[in-house]
Amino acid sequence: MAANPLSVRLLGHVSAHRGGRRVEVTGAQRLAMLSVLALRAGECVSSVELIDGIWDEEVPDQARHALHVYISELRRALGADAIETRRGGYRLCVDEERVDALLFEQMVGRVNGDPPAQTLAELLDALALWRGPALDGAADSATLRAAAARLEEERLAALERRFTAELELGHHDQILGELTSLVSAMPLRESLRAQLMLALYRSGRQADALAAYREGHAQLGELGLEPGSELRNLERGILRQDPTLAEAAARNGHPVSSASCFNDQTLQAIVAFAESWASDLRNFDPAAFAAVTDRAEELASAFEHAIETCAKEEAVRLLTATWFYWVIRGRQEEADAWAHAILTLPGNLTPVWEMEGQIAASELARVNGDFHRAIQLKKLARRTAADERATDIVAGLDADLAHLSIRLGELDVAEAYAQRALELRRSNPNDMCGVGHALVAVGEVHEARGNLVDAVAAYEDAVADEEAAGFDGEAAFIRGRLLGRAHRKCGNSRAAYGTYRRALNEAQPLGDYGTAAAALQGLAWVAAVQGDQRGAVRLLAEASRPEWQSALDSQERAAFAEDVAALRRDVPEGVFEAAWRIGAARAEQHN
């Protein structure tokens with residue numbers, strides 16, 4: 001046997017060889033038996049273990065007889081000296097180095113702290129043993145599935161170590177294709193994604209590196225998970241252009257800037273980051289809010305840098321992408337100041353970016369109570385949209401102008417805008433979200449005129465359209481800020497309770513602070529109507545947390561203050577203070 005040694009290959013289709021020539025072994029059960037014996041080369045494998053390895057749950061009645069038959073057939077194929085019968089089992093007479101799976105583990109185990117070039121060479125030799133999926137062709141059993149999974153994990157770990165060595169040697173551009181394919185096949189494997197991000201960054205593709213992070217963040221978010229610290233820290237380093245990330249990059253012709261402060265390239269990267277999350281923010285995607293919150297201070301610094309350097313287009317793009325975030329997070333006054341400064345910067349913009357900047361600035365002026373300026377900016381944007389024949393944008397701006405005109409008491413003007421918006425939106429039967437937006441404007445006109453039944457109907461239709469379009473965040477907003485208010489004005493506490501409770505349940509997970517505060521305020525009104533004044537005080541105290549109040553507009557904050565003052569008048573001071581402390585404590589627990 002020494003002159004004609006046996007070898008077994010398991011890293012791919014299972015096969016046996018003697019003296020360099022393949023031995024004919026066929027049948028999934030026989031290959032499974034060979035695999036189990038080879039994985040335990042030189043050891044005695046019991047009959048029970050072999051049976052478990054060959055068959056899965058449905059073990060045949062004559063399993064032991066079949067086992068003896070397979071052993072005899074393997075001996076005929078491999079040689080009489082290949083398998084020894086031991087007490088209670090069998091032993092495959094093969095050196096561990098001649099079983100490729102065991103040799104692979106030995107070779108990888110010997111790679112330890114060597115220089116990158118040597119590490120790379122050793123790992124490439126080990127990985128070259130792989131010809132396909134481990135244990136391919138063998139019968140499917142729990143034993144072999146577990147063994148194949150373990151071998152595959154060892155292969156991936158070796159691949160990651162190989163990529164680390166490649167990156168240390170400056171080979172980032174040479175491994176991009178392979179890393180991209182692997183991340184696509186295994187999107188939740190964070191270590192591979194981190195290596196792809198670093199390779200992209202070192203190849204001069206900073207925006208693509210950030211996009212790779214965003215994709216991973218979104219996919220993890222679908223499972224209710226957040227990226228690990230390695231990915232988060234790497235994204236921060238890329239945004240900062242951390243000089244340590246550029247190590248070894250210049251060796252392969254792709255030097256990376258080592259600037260650690262803001263510059264034009266950093267600004268472009270942050271703009272790309274903000275724009276990548278913009279649409280998700282508008283739909284109250286929790287993953288989007290988490291990602292932007294993690295970068296909020298860097299975004300604030302980016303605004304300051306763009307204004308200081310008169311980078312007008314980048315500043316407008318940042319404003320357009322993030323204004324909604326600043327409103328929801330209660331930082332609208334800060335964002336409004338940026339918007340003022342940005343629109344007065346010297347330089348010309350394309351009509352589209354001019355319009356987008358005006359719309360964003362108008363929204364910030366609106367939530368800060370400057371309705372005249374908000375209308376002025378919306379009209380400028382509408383003129384541009386009409387010139388560009390952007391019908392959908394014109395319709396959206398008409399609905400916004402209706403809302404603003406109501407705030408100024410111009411109800412006839414508001415009604416004309418709202419009806420025109422609804423007609424334009426309904427001309428496109430697929431634009432259910434837009435129809436919902438226009439219906440909100442129609443409902444607000446009805447509410448302002450005191451037609452509360454019609455207002456409730458319009459708001460309910462708007463909610464249905466937003467939900468049908470998949471915009472659950474907008475639906476929650478309408479329930480908590482508008483529909484519930486209309487029910488309250490009708491004195492319908494039962495309908496108000498259901499509406500506010502659902503809005504609260506939807507808004508809190510989304511991080512919509514303003515809607516959550518409005519819903520708690522509405523529930524407090526319901527409690528007071530039902531005679532539970534202590535409960536009403538506790539609910540208002542919960543809604544009084546500063547970040548939630550900051551997310552309300554000026555009129556909403558004034559209405560909240562009126563409700564608090566009314567309860568103070570109706571509830572004994574000691575009772576009020578005790579209930580308020582309980583509600584405030586509950587708010588702290590939830591933070």
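Because the structure is a prediction, the values reported are computed rather than measured.

(A) Structural context of the overall build of the protein. The helix and strand tally for the protein stands at 28 helices and six strands. Burial status across the protein gives 50% buried among its 591 residues. Partitioning the contacts of the protein with sequence separation of at least 6, the portion at a separation of at least 24 is 64%. Between the mean site of the 63 positive side-chain charges and the mean site of the 89 negative ones, the protein shows a separation of 3 Å.

(B) Molecular detail of the sheet that holds strand β3 (residues 21–23). Strand order in the open sheet formed by three strands is β1-β2-β3, with antiparallel pairing between adjacent strands. Both outer strands of the open sheet, β1 (6–9) and β3, are each paired with one neighbouring strand and no more. For this sheet, the mean angle separating the axes of adjacent strands, direction not counted, is 35°. Bridge count between β1 and strand β2 (residues 15–18): four bridges; the pairing is antiparallel. Paired with Ser 7 across the strands is His 17, a residue of β2.

(C) Region of the structure containing the pairing of strand β5 (residues 83–86). Note that β5 and strand β6 (residues 89–92) share four bridges and pair antiparallel. By the bridge assignment for β6, Thr 85 is matched with Tyr 90. Once β5 ends, the chain turns through two residues before running back antiparallel as β6, passing Gly 88 with a positive phi of about 85°.

(D) Layout of the nonpolar core. By size, the foremost hydrophobic cluster in this structure holds 125 residues, and its most contacted members are Leu 10, Met 33, Leu 78, Leu 92 and Leu 318. Sort the elements by how many residues they give to this core and helix α14 (residues 312–328) lands first, with eleven residues. Setting aside chain neighbours within four positions, we find Leu 10 in contact with Ser 35, Ala 38, Leu 39, Val 99, Asp 100, Ala 101, Arg 131, Pro 133, Ala 134 and Leu 135. Grouped together as the second largest cluster of nonpolar side chains are 31 residues, Phe 371, Ala 399, Val 445 and Leu 483 included.

Each value, and the rule that gives it
Residues numbered from 1 in each chain as written. Predicted model: local features only at pLDDT ≥ 70, side-chain atom pairs only at ≥ 80, totals over all residues. Heavy atoms only, no water. Helix = DSSP H or I, 4+ residues; strand = E, 2+ residues; numbered from the N terminus. Buried < 20%, exposed > 50% of the residue type's maximum accessible area, 1.4 Å probe, protein only. Contact = heavy atoms within 4.5 Å. Lys, Arg positive; Asp, Glu negative; His and termini not counted. Charge placed at Lys NZ, Arg CZ, Asp CG, Glu CD. Pairing = 2+ DSSP bridges. Axes fitted to C-alpha atoms, helices over the stretch in contact; angles between N-to-C directions. Core = buried A, V, L, I, M, F, W, Y, C linked by side-chain atoms within 4.5 Å.

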